[in-house]
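Structural features, examined
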Amino acid sequence: MYGDMLDLYGDSGNMEIIQYRCRMRGIDCTVDGYSLGSEIPDLSKYDLIYIGGGADLEQQHISADLLRCRDSIKAAYESGVFLFLICGGYQLMFKYYRDADGNDIPGLGLFDYCTVAPSSRKMRCISNIVVRTHFTGKEVDIVGFENHGGQTQGVRTPLGEVLFGNGNCSRSKYEGYFEKNVIATYMHGPCLSKNPEISDYMISYCLKRHGSDDELAPLDDRLENECRQVMLDRLLKK
Amino acid sequence: MNRILILTGKAVVGILRLFRRNAGNLPGIILWHLTKGKACSMFRVDCPIIAVTGTNGKTSVTNCIAQLFEQSGKKIIINREGNNLDTGICSLLLRYCDSSGKVDADYLILETDESHVPVVYSQLKLETLIVLDFFRDQLDRNGEMETLIQKINGFCKTFEGNLILNGDDPNTARLGRANPANKNVKYFHAEPYAFATDTIYEASEGRFCPFCGSSLEYDYYQYSHIGRFRCPKCGFGDYKPYITASGIDLDKPVFTADGHEYSTKLNSIYNVYNMTAVVAAAKLYGIEQSVTDSVINNYTVNNGRMEKFILGDRETTLNLAKNPVGANMTLRVMNEQNGEKELLFVLNDNVADGLDVSWIWDINFTIFERVTRVVTSGTRAYDIAVRIKCSGYPAEKITVRPELDDAVEELAKTPGRKFVIANYTAVQPTRSALKRYIAKHGGECGE
């Protein structure tokens with residue numbers, strides 16, 4: 001949703017990666033775009049809803065429109081559609097987002113957390129980031145790049161533990177938000193580019209909803225894994 | 001006090017020179033600390049100051065404008081080494097001022113980093129500000145682009161001098177409304193060239209009206225979000241151009257601006273925009289046409305911007321790309337070449353590049369035509385390899401060689417036409433690696 005407005009820091013790459021990983025396995029995958037002001041589609045018919053990140057100005061423009069879509073998004077989420085949310089998309093799902101000028105941008109209130117912008121525009125969490133996760137059932141360290149002013153508070157089920165970087169708040173211990181059908185994170189990069197486990201978790205989840213319990217066919221992820229390893233070695237070396 | 005500070009600064013410049021070090025930033029940094037960030041206010045500048053800012057093209061435009069005045073017999077001061085932050089500008093002025101801080105010149109022509117415009121020109125009186133464009137560039141260092149534009153917009157609210165703006169970039173043109181009382185706002189604009197498109201071709205910023213939020217309507221896009229735009233709701237974009245470039249033919253290459261034809265050495269649409277800004281400055285300052293001709297028609301660059309090398313017998317073009325727009329442009333030039341070709345992409349993530357490399361995902365690699373092999377290198381060699389692979393390019397045709405010399409050897413081992421794209425801190429090491437290859441195996445360097 002809002003791919004034409006919320007695609008800061010290469011976030012649209014995430015959809016390119018999901019499509020790529022489906023295509024390589026012969027799985028049909030269609031991506032439709034929803035733009036500000038368009039007719040609200042029945043979002044429950046989809047397998048995954050993706051919202052990326054944008055600048056404050058863009059988030060202001062879309063927040064009113066997003067409220068218009070609230071019922072459709074909520075119904076989709078409750079029926080099990082996967083929500084994949086990056087940065088601004090992550091922030092707009094909570095109760096409210098207070099921007100740098102002190103204006104409250106109402107969020108969807110889907111989840112029980114809120115985000116406050118720092119009083120100074122200069123204070124931003126900008127860093128490479130490493131997060132240790134267990135959502136696949138195994139321990140996986142994922143790598144991305146965070147660039148956010150917003151400080152997110154009150155997350156009870158984070159995506160993982162921060163090994164390097166900031167996370168939900170400046171120097172916080174945890175990053176992102178997780179439910180079985182929700183992954184929300186501040187990680188740009190784009191996030192899926194060197195963390196194939198996240199893409200595959202979402203693809204498997206969607207296939208299971210369609211009644212398929214087959215294991216995903218493995219792909220040649222040597223470049224992706226090497227890419228992540230270079231960063232892990234660099235960032236976590238003692 | 002002033003005099004002591006100036007002399008201290010000059011002494012630092014002197015000592016650095018003694019040790020044959022480039023006095024780029026350090027004297028300015030020292031003075032910056034001594035004056036608590038007000039280093040530029042130490043100087044007395046009586047001559048007009050012309051500043052050039054924007055994401056892409058600053059160096060070219062600054063150099064050309066300096067040449068306009070130099071060839072008109074004026075005494076100018078310019079930050080040629082591209083030291084464009086407040087500390088760099090301060091170091092430059094230290095070198096040219098007397099002990100009282102008085103700077104003696106006819107014109108100061110200063111390339112100025114976008115985020116430093118308000119800092120520097122709250123301390124030095126600016127006569128003309130030229131703003132070329134705003135693209136995503138090193139976002140993690142500058143914060144979001146909107147913040148950057150807001151900073152310059154804040155400066156423009158009280159600025160009454162000449163404001164020369166790229167009228168085909170909504171991010172830039174919006175500055176024209178910052179101070180409604182300023183009668184000296186001027187726009188430059190270019191008519192569509194052969195590769196202009198009806199729809200947007202590359203990821204970009206600013207597709208929405210900054211004043212009312214409506215989608216902007218475009219007659220055409222030249223590249224990225226640059227093109228003739230208009231807000232259907234509030235009329236943003238309705239302006240009368242001061243200079244219009246027309247008759248753009250990049251094959252010759254020629255273009256006409258203000259009714260006069262120029263034939264240039266460089267053949268990119270970027271160059272047309274940059275030179276149109278130069279024509280605007282020339283018109284504003286009443287430069288002789290023969291001087292403007294000589295500057296624009298002879299301007300060329302040799303710093304990794306479409307620079308030619310021959311590796312053994314393989315014709316090679318190196319281009320700097322520090323943001324998606326630069327990279328997309330090189331890919332277009334590559335595609336416009338017939339025959340098979342190979343690409344080396346060198347990607348670093350040093351501080352000056354911006355630590356965030358996610359901008360590579362805004363490069364449109366699906367347009368690859370007849371690209372038979374890709375080699376990647378640099379501190380983020382794997383990131384760019386993954387990016388190209390996920391665009392659908394066959395993984396088996398991608399070779400990762402993080403070490404530059406290995407990468408150049410790899411690139412040159414097969415025959416055919418070669419292209420090299422390198423980002424900011426990668427460009428000079430890449431040139432050196434290309435030259436080392438040529439020294440070892442033969443060939444020719446660009447110069």
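Use the structure listed above.
Residues numbered from 1 in each chain as written. Chains lettered and ligands numbered in written order. Predicted model: local features only at pLDDT ≥ 70, side-chain atom pairs only at ≥ 80, totals over all residues.

**A few points about the overall build of chain A**
Defined as follows: A run of DSSP states H or I qualifies as a helix once it reaches four residues; a run of E qualifies as a strand once it reaches two. Both are numbered from the N-terminal end. Buried residues are those with 20 or more other C-beta atoms within 10 Å of their own C-beta, exposed residues have 12 or fewer, and partly exposed residues lie in between; C-beta atoms are placed from the backbone. We call two residues in contact if the C-beta atoms placed from their backbones are at most 7 Å apart.
Helix and strand content of chain A: six helices and 12 strands. Counting only residues that meet the buried cut, chain A has 49% of its 238 residues in that class. Summarising the internal contacts of chain A: among those between residues at least 6 apart in sequence, 68% fall at separations of at least 24.

**Points about the interface of chain A and chain B**
Taken together, the contact between chain A and chain B spans 30 residues of the former and 26 residues of the latter. Those elements that place two or more of their residues in the side of chain A that touches chain B are helix H1 (13-23), helix H2 (56-68), strand E6 (125-133), strand E7 (140-148) and helix H6 (222-236) of chain A. Examining the composition of the side of chain A that touches chain B, we find that five residues originate from one element, H6 of chain A, more than from any other.

**Details of the packing of helix H13 (residues 404-412) of chain B against helix H14 (residues 424-441) of chain B**
Two numbers describe a pair of packed helices, the interaxial angle and the distance between the axes. Residue and element names in this part refer to chain B. Rules: Working convention: axes come from line fits to C-alpha atoms, limited for helices to the stretch in contact. Angles between N-to-C directions cover 0 to 180 degrees. An angle counts as roughly parallel when it lies under 35 degrees, as roughly antiparallel when it exceeds 145, as roughly perpendicular when it falls between 65 and 115, and as oblique in every other case. Helix crossings get a hand from a simple test, with the near helix turned counterclockwise from the far one by less than a right angle marking a left-handed crossing and a clockwise turn marking a right-handed one. All residues other than Ala, Val, Leu, Ile, Met, Phe, Trp, Tyr, Cys, Pro, Asp, Glu, Lys and Arg, Gly among them, are scored as polar; the first ten of these are nonpolar and the last four charged.
Contact pair H13 / H14: the axes reach a minimum separation of 9 Å and the direction vectors enclose 55°. When the axis of H13 is compared with that of H14, the two are oblique. For the pair H13 and H14, the sense of crossing is right-handed. Counting all contacts with H13, which are made through Leu404, Asp405, Val408, Glu409 and Ala412, the residues of H14 involved are Pro429, Thr430, Ala433, Leu434, Arg436 and Tyr437. Looking at side-chain class alone, the contact of H13 with H14 contains seven nonpolar, one polar and three charged residues.

**Describing the sheet that holds strand E5 (residues 107-111) of chain B**
Residues and elements named next belong to chain B. Formally: Paired strands, as defined in this entry, are two strands with at least two bridges between them according to DSSP.
Read across the open sheet, the nine strands follow the order E3-E5-E2-E6-E7-E8-E11-E12-E13; overall the sheet is mixed. Each edge of the open sheet carries a strand with a single partner, namely strand E3 (76-78) and strand E13 (260-263). The average angle at which neighbouring strand axes cross in this sheet is 15°, direction not considered. Note: strand E6 (residues 128-131) against strand E7 (residues 162-166), four bridges, orientation parallel. Looking across to E7, one finds that isoleucine 130 is bridged to isoleucine 164.

**Let's talk about the nonpolar core**
It is characteristic of soluble globular proteins that their nonpolar side chains tend to be buried jointly. What counts here: By definition, a nonpolar core groups buried Ala, Val, Leu, Ile, Met, Phe, Trp, Tyr and Cys residues that are joined through C-beta atoms within 7 Å.
With 197 residues, the main nonpolar core has Ile49 of chain A together with Ala51, Ile65, Ile130, Ala277, Val278 and Ala281 of chain B as its most contacted residues. Excluding anything up to four places from it in sequence, alanine 281 of chain B contacts Ile50, Ile65, Leu68, Ile130 and Ile164 of chain B.

**Topic: the sheet that holds strand E9 (residues 160-164) of chain A**
All names here are of chain A. Taken together, four strands build an open sheet; the order of strands is E7-E6-E9-E10 and the sheet is antiparallel. Of all strands in the sheet, those with a lone pairing partner are E7 and strand E10 (174-175), marking the two edges. As paired strands, E6 and E9 are joined by four bridges and run antiparallel to one another. Note on E9: the bridge partner recorded for threonine 133 is glycine 160. Packing of H6 onto the sheet brings it into contact with E6, E7 and E9, and relative to E6 it is tilted by some 105°.

**Describing the environment of cysteine 169 of chain A**
Residues and elements named next belong to chain A. For cysteine 169, the position within the fold is in the loop between E9 and E10. Given 19 C-beta atoms within 10 Å, cysteine 169 falls into the partly exposed group. Expressed as a C-alpha distance, the spacing of cysteine 169 and glutamine 153, which sit 16 residues apart in the sequence, is 7.3 Å. Residues contacting cysteine 169, with those up to four places away along its chain left out, are Gln151, Thr152 and Gln153.

**Some thoughts on helix H4 (residues 86-96) of chain B**
Among the 11 residues of H4 of chain B, nine are classified as buried, and the element is accordingly described as predominantly covered. Among the residues of H4 of chain B, those classed as buried are Asp86, Thr87, Gly88, Ile89, Cys90, Ser91, Leu92, Leu93 and Leu94 of chain B.

**Considerations on H13 of chain B**
Using the following cut-off: Within this analysis, the arc is defined by the directions that extend from the helix axis to the C-beta atoms.
Within the sequence span of H13 of chain B, burial applies to Leu404, Ala407, Val408, Leu411 and Ala412 of chain B. Along the axis of H13 of chain B, the buried positions cluster into a sector of 125°, meaning they face one direction only.

**Some thoughts on the pairing of E5 of chain B**
Residues and elements named next belong to chain B. The buried fraction of E5 is high, at five of five residues. Both faces of E5 are covered, namely the face carrying Tyr107, Ile109 and Glu111 and the face carrying Leu108 and Leu110. By the bridge criterion, four bridges tie strand E2 (residues 49-53) to E5 in an arrangement that is parallel. By the bridge assignment, isoleucine 50 is partnered in E5 with isoleucine 109. Bridging between E3 and E5 involves three bridges; their strand directions are parallel. Among the inter-strand pairings, isoleucine 78 is bridged to a residue of E5, identified as isoleucine 109.

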